[in-house]
Amino acid sequence: MKRWKRLVWLIALTAGIMSCLPGKLHAMNGVSAKSAILIEQHSGRILFAKDAHTKRRIASITKIMTAILAIESGKLDDTVTVSARAVWTEGSSIYLRQGEKMKLRDLVYGLMLRSGNDAAVAIAEHVGGSVEGFVFLMNEKAAEIGMRDTEFANPHGLDDAENHYSTAYDMALLMQYAMKNKEFRRISGTKVYRAPAPPGEDGARVWRNKNKLLTSLYEYCTGGKTGYTKRAHRTLVTTASKDGIDLVAVTLDASDDWNDHIAMYEYGFSNYRIAKVSGKRIVKRISDPFYKGRLRAARDLRYPVTEKEMGELRVKVYLLKPRDEWKENPNRAPTAVGKAVLYLRKQAVDAVPLFYEPEKDESSRGFFSQAFRFLGVRSDG
């Protein structure tokens, strides 16, 4: 009986430990959010999803769109005069004053780190000419990115309009797009920022990022944006990087979003790795005599896969058939002559163009090399 009791106790203990471990079990069954998604940042591959295409209110993660539009406007060094409409915007604030002048860059930091609704309106008015004009730009950019189930009605995410919503999937697309911008990555990943003090005051405004994953909870977090309204509840978009894998996580209407994101990240980092196929290796294996030694791949092929999927990857090369006139005069061949495609089973998951580079004329190369030597100038080729 003692042995049986001990065995039952060990089974119960093991089950309890497993329920606390982040990973596939927790990610699949324990996410508190009504909608959630985890994607690999570069490929966009979905690693985990829960009701990711349902339209929901999104609160202040709206400001990711506001920030990237401000950055792409090229006006970050502009001085913005704060309007009364901005100052009297309800909700979270960086406490701007009417008539105060502040650099657009500083406003974007206040927007992303402290979720300032006043900053959102000030940005919108300066970049879009008006809040309404900026909202038009937001929806135009959403369509460009492919956010098909999204509509923006304001630059901050407050519950002041019914036609303001998105999905976990669309918000992942937005963050994936924004993270391609170096300035956005810098701002999103800033833990503390100092901005000029209000007029007539000494010192500086000190803004600490509200994203606790970034500041204290998860060492691999690289940025993100928090959100909350009474109707949307808690929303969160974050990014994380580990061992060469970059991930984006989104949760909408979550009661335990910090742990949701950690669990999804740990699942992603534990179960996926980036498979890479060298572009140089691809072109070296091309046997066609016309192309051999004359091709360059734009980059390496890469895709996130599980250990099991590694053996299911294949690379195929598609090249234009060389024409007689190209063989007679290689300089007449087009620059782009084909592509290399990475397949996971039968699905194409990545592709890179292949560029043709004719060999240099060795006679002219020799002439210039001799001339350089005669002049005492070193030529490295």
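Here the structure is shown first, and the text comes after it.
All of the points below concern the structure found in this document.

What counts as what
- Residues numbered from 1 in each chain as written.
- Predicted model: local features only at pLDDT ≥ 70, side-chain atom pairs only at ≥ 80, totals over all residues.
- Heavy atoms only, no water.
- Helix = DSSP H or I, 4+ residues; strand = E, 2+ residues; numbered from the N terminus.
- Buried < 20%, exposed > 50% of the residue type's maximum accessible area, 1.4 Å probe, protein only.
- Contact = heavy atoms within 4.5 Å.
- Areas by Shrake-Rupley, 256 points an atom, 1.4 Å probe, with all protein chains shown as cover.
- Pairing = 2+ DSSP bridges.
- Axes fitted to C-alpha atoms, helices over the stretch in contact; angles between N-to-C directions.
- Lys, Arg positive; Asp, Glu negative; His and termini not counted.
- Salt bridge = Lys/Arg side-chain N within 4 Å of Asp/Glu carboxyl O.
- Polar contact = N/O pair within 3.5 Å; in protein donor to acceptor, adjacent residues only side chain to side chain.
- Parallel < 35°, antiparallel > 145°, perpendicular 65-115°, else oblique.
- Nonpolar A, V, L, I, M, F, W, Y, C, P; charged D, E, K, R; others polar.

Here we look at the overall build of the protein
- When helices and strands are tallied, the protein shows 14 helices and 15 strands.
- Burial analysis of the protein (381 residues in total) assigns 46% to the buried set.
- Sequence separation of 24 or more characterises 63% of the internal contacts of the protein that already satisfy a separation of 6 or more.
- Looking at the protein as shown, the accessible area adds up to about 20400 Å², and 51% of this sits on carbon and sulfur atoms.

Some details on the sheet that holds strand β11 (residues 295-297)
- If you trace the four strands from one edge of the open sheet to the other, you get β11-β15-β14-β13, paired in antiparallel fashion. Each edge of the open sheet is held by one strand with a lone partner, namely β11 and β13 (313-319). Put simply, the sheet's adjacent strands are angled 25° from each other on average, direction ignored.
- As paired strands, β13 and strand β14 (residues 336-344) are joined by seven bridges and run antiparallel to one another. Across the sheet, residue Leu319 finds its bridge partner in β14, namely Gly338.

What to know about the pairing of strand β6 (residues 204-208)
- The side-chain alternation of β6 yields one buried face, formed by Arg205 and Trp207, and one unburied face, formed by Ala204, Val206 and Arg208.
- Bridge analysis of strand β5 (residues 192-196) against β6 gives five bridges, and the strand direction is antiparallel. Each bridged residue has a counterpart across the sheet, and for Pro196 the counterpart in β6 is Ala204.

Things to note about the side chain of Asp246
- Mapping Asp246 onto the fold places it in strand β9 (residues 245-252).
- For the buried residue Asp246, which engages in no salt bridge, the nearest side chain bearing the opposite charge is Arg302, 5.5 Å off.
- Side-chain polar atoms of Asp246 contact the side chain of Ser241, separated by 2.5 Å.
- Once you skip the residues sitting within four places of it in the chain, Asp246 turns out to touch Ile39, Glu40, Gln41, His42, Ala240 and Ser241.

Here's the deal with the pattern of salt bridges
- Under the defined criterion, the tally for this structure stands at 20 salt bridges.
- Glu40 is the salt-bridge partner of Arg302, the closest N and O atoms lying 3.6 Å from each other. Of this pair, Arg302 sits in strand β12 (residues 301-305) while Glu40 is found in strand β1 (residues 35-40), placing the two residues 262 residues apart along the sequence.
- Under the relative-accessibility criterion, Glu40 is labelled buried at 0%.
- Overlapping salt bridges bring together Arg45, Glu309, Glu312 and Arg345 as one network.

Details of the environment of Ala195
- Here Ala195 shows up in strand β5.
- As for Ala195 and Tyr109, which are separated by 86 residues in sequence, their C-alpha atoms are 8.5 Å apart.

Some remarks on the packing of helix α7 (residues 131-145) against helix α8 (residues 168-178)
- Contact geometry of α7 with α8 gives a least axis separation of 10 Å together with a crossing angle of 90°. Of the possible angle classes, the one that applies to α7 and α8 is roughly perpendicular. Counted together, Lys141, Glu144 and Ile145 of α7 and Leu173, Leu174 and Tyr177 of α8 form the full contact between these two elements.
- Partitioned by chemical class, the residues of the contact of α7 with α8 number four nonpolar, no polar and two charged.

Let's talk about the sheet that holds β9
- The strand order across the open sheet formed by five strands is β2-β1-β9-β8-β7, and the pairing between neighbours is antiparallel. The open sheet is flanked by β2 (46-50) and β7 (221-229), the only strands paired with a single partner. Taken pair by pair, the neighbouring strands of this sheet meet at an average axis angle of 5°, ignoring direction.
- Note that β1 and β2 share four bridges and pair antiparallel. The residue of β2 that forms the bridge with Ile37 is Ala49.

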